[in-house]
Amino acid sequence: MRYALKTICVMALLLIAGCDDKQSAFAALGPVSARITFLTWIMFIGAALITVLICVLMFISIAGPADWRHKLTGEKSIIWGGIVFPVVTLSALLIYGFLILKAGGTWVRAENPVHISVIGEQWWWRVIYRHDDGHTTESANELRIPAGRPIEIELSTADVIHSFWIPAYAGKIDMIPGRINTLHFVADKPGIVSGQCAEYCGGAHALMSFYTVAMTPSDYDAWLVKERSNAAPALAGEGKQIFLSSGCGGCHTVRGTPADGKIGPDLTHVGSRQSLGAGILPNTTEGFAKWVSQHKIIKPENLMPPFDFFSESELQSLSLYLNSLE
Ligand code: CUA
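Now for a look at the structure at hand. Quick caveat: nothing in here was measured; it's all calculated off a predicted structure.

1. A closer look at the packing of helix H6 (residues 237-245) against helix H8 (residues 312-323)
Helix packing geometry: the angle between the two helix axes and the distance between the axes.
So, point 1. Axis separation between H6 and H8 bottoms out at 7 Å; the angle between their running directions is 100°. Accordingly, the angle class assigned to the pair H6 and H8 is roughly perpendicular. Packed against H6, whose contacting residues are Glu-238, Gly-239, Lys-240, Ile-242 and Phe-243, the element H8 presents Glu-314, Ser-317, Leu-318, Tyr-321 and Leu-322 at the interface.
So, point 2. In the contact of H6 with H8, the residues fall into five nonpolar, two polar and three charged.

2. Re H6
So, point 1. Within the span of H6, buried status applies to Gly-239, Ile-242 and Phe-243. Down the axis of H6, the sector holding all buried residues measures 100°, keeping them to one side. Exposed and facing more than 90 degrees away from the buried side of H6 are Gln-241 and Ser-245.
So, point 2. On its buried face, H6 sits against H8.
So, point 3. Just downstream of H6 lies Gly-247, where phi reads positive at about 90°.

3. Re the sheet that holds strand S9 (residues 191-197)
So, point 1. On the basis of which strands lie adjacent, the open sheet formed by five strands has the order S4-S10-S9-S6-S7 and mixed pairing. Bordering the open sheet on either side are strand S4 (142-146) and strand S7 (173-175), each of which pairs with just one other strand. Averaged over all neighbouring strand pairs, the angle between strand axes comes to 25°, with direction disregarded.
So, point 2. Here three bridges tie strand S6 (residues 162-165) to S7, and the two strands are oriented antiparallel to one another. Its bridge partner lying in S7, Ser-163 is registered against Asp-174.

Calculation notes
- Per chain, residues are indexed from 1 in the order of the written sequence.
- Owing to the predicted nature of the model, reporting of local features is limited to residues with pLDDT of at least 70; listing and counting of side-chain atom pairs is limited to 80 or more, with chain, interface and lining totals taken over all residues.
- Neither water nor hydrogens contribute to the side-chain values; these are computed over all heavy atoms in the structure.
- Fitting a line to C-alpha atoms yields each axis, with helices limited to the stretch in contact; the angle taken between N-to-C directions then spans 0 to 180 degrees.
- Secondary structure elements follow DSSP: runs of H or I no shorter than four residues count as helices, runs of E no shorter than two count as strands, and numbering proceeds from the N terminus.
- Throughout, the term roughly parallel applies to angles under 35 degrees, roughly antiparallel to angles over 145, roughly perpendicular to angles from 65 to 115, and oblique to all others.
- Whether two residues are in contact is decided by their heavy atoms, any of which lying within 4.5 Å being enough.
- Polar here means any residue outside two lists: the nonpolar Ala, Val, Leu, Ile, Met, Phe, Trp, Tyr, Cys and Pro, and the charged Asp, Glu, Lys and Arg; Gly therefore counts as polar.
- In this scheme, a residue with accessible area under 20% of its type's maximum is buried, one over 50% is exposed, and one in between is partly exposed, where area comes from a 1.4 Å probe on protein chains only.
- As used here, the arc is the angular range of directions from the helix axis to the C-beta atoms.
- Any two strands with at least two DSSP-identified bridges between them are counted as paired.

Purely geometric stuff here, so don't read any function into it on its own.
Structure, rendered in structure tokens:
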């Protein structure tokens, strides 16, 4: 009895965890994901009904009247219940699923979408905004989009297979070496939702997430102008010197400074993002200090070299500088 109660509690907790509407297939915030949510409900309710039906049939076959039991064990019921019913049901679901997949690609495709490229890397996201004048602006680990406008995202990878998934807006699409896959969606309204790498891609796969910030179109346009500009930190001084003299610029770019590394995430406006380390730490001075000094523990196997040699005050100055890159 106690074991059953524990099991029910664990199941209930898992269910509740799945209901977090920041990253749930049941909380659609756009036309593409709304169709997927509808399919999810059909499958969920259908599976529940079929499970109940099977339970009833099992009960009858064990304790029902003799003639019912006889019928259930006959060849006919195996042909109809075991072959015809699953083939028809699953085929219908498959065809409906294909129609939804196709619609997701074409339905919201528009003449002049917002162009963004996202490249999966172990274990973070390189995000490139493509401007109308042909120039690009690089950012990382966060997606900003205008609500109500069609979005077109080119998905590719720098290493292994990743999968890009923002359940609130669209289905998941794999990022496959040597290929560019395209994702189309529209966000209904401004808001912040989270997304996740949905394909096992090595050690820190579970720590490869990101926030998507949908903004009003005018806010987005203003944000993009700012994102495109060079870094203008409120606090430079000692922290900036430490950043530049410790080799950080070998991997990271801070536009407007000599740091122009291309290996790791662009940090030009890192202080304005929702999170650090691809969705795993709060974007605060403490968050930066924790990441710089303990990232090998927080996110094992990540490719950044260890930087555990800074004194407390150096770490503080460096973190203040990074956090001020807004
Ligand atoms: Cu990238 Cu899993």
